[in-house]
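Observations on chain architecture
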Amino acid sequence: MATPDGYSAHFSRRELLFSETAVRHGIDNTPGPLIERNLVRLCTDLLEPIRQHFGAIAISSGYRCPALNAAVRGSKTSAHVEGRAADLRPVEPTISLTDVVRWVQASGLPYDQVIYEFGSWVHVAVAASDGAARHQALMIFEPEKYAAFDPANIPAERIA
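Below, the structure is looked at part by part. Computed from a prediction, not measured in an experiment: that's the story for all the values here.

Using the criterion set out here, one finds four aromatic pairs in the structure. Plain terms: the ring middles of F54 and W103 are 5.7 Å apart, the flat faces sit at 80° to each other, and that makes the pair edge-to-face. Residue F54 is located in helix α3 (residues 33-54), and its partner W103 is located in helix α5 (residues 97-107); the two are separated by 49 residues in the primary sequence. Taken together, a centroid distance of 5.7 Å and an interplanar angle of 55° make the contact between F118 and W121 tilted.

This is how it looks when you write it as structure tokens:
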């Protein structure tokens, strides 16, 4: 449920919209109403349950308008552009990114994608409002080279 200051009890609007790249380049990253609704759904359906299970999580990227997505060299089909995705890390250092991916996979949550990205963060996304969740669990270590999530195949230098 959205609150006056945010998209859910623990995730503020500022947190899901802020981007240092947008500030640096003077990009207006203000979403429209449909994207706002997607962000509320992302927070309530995925981010709040993840936070409830693991404790505090840090969001490194949420909504990206098309200009911001281009500036950060995001995928042209990124769910971030629709307000359906966020990149996160658990704040507690004993919780690994693998722990988060495995939990999301087993949780029964309506996730579209959960991706272990570059050994640095976990990307989570909800499906488009008119689509079914694909429940894809992936990992990526090189641009555009996705593979099925398999902790046994994570390079040692990318384990986080």
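It is worth spelling out the layout of surface pockets at this point. Roughly 740 Å³ of internal volume is contained in the largest pocket. Around the largest pocket, the lining is made up of 33 residues, and of these R64, G74, S75, H80 and E117 lie nearest the centre. Sorting the residues of the lining of the largest pocket by element identifies β1 (57-61), β3 (111-117), β4 (121-126) and β5 (136-140) as the ones contributing at least two each. Broken down by element, the residue count for the lining of the largest pocket peaks at four residues, all from β3. Taken together, the residues of the lining of the largest pocket sort by class into 13 nonpolar, 12 polar and eight charged.

With respect to the secondary-structure elements, H135 resides in the loop between β4 and β5. Separated by 116 residues in sequence, H135 and S19 have C-alpha atoms that sit 27 Å apart. Setting aside its immediate chain neighbours within four residues, H135 contacts L109, P110, Y111 and D112. At a separation of 3.3 Å, a polar atom in the side chain of H135 contacts the main-chain carbonyl oxygen of L109. Only 3.5 Å separates the side chain of H135 from the backbone oxygen of A133, close enough to count as a polar contact.

The rules we used
- Residues numbered from 1 in each chain as written.
- Predicted model: local features only at pLDDT ≥ 70, side-chain atom pairs only at ≥ 80, totals over all residues.
- Heavy atoms only, no water.
- Phe/Tyr/Trp six-rings, centres within 6.5 Å; stacked < 30°, edge-to-face > 60°.
- Helix = DSSP H or I, 4+ residues; strand = E, 2+ residues; numbered from the N terminus.
- 1 Å grid on protein atoms, 1.4 Å probe; cavity = no way out; pocket = protein on both sides within 12 Å on 5 of 7 lines; lining within 4 Å.
- Points joined across faces, edges and corners; volume = space filled by probe spheres on them.
- Nonpolar A, V, L, I, M, F, W, Y, C, P; charged D, E, K, R; others polar.
- Contact = heavy atoms within 4.5 Å.
- Polar contact = N/O pair within 3.5 Å; in protein donor to acceptor, adjacent residues only side chain to side chain.

Remember that the coordinates give geometry; whether it matters functionally is a separate question.
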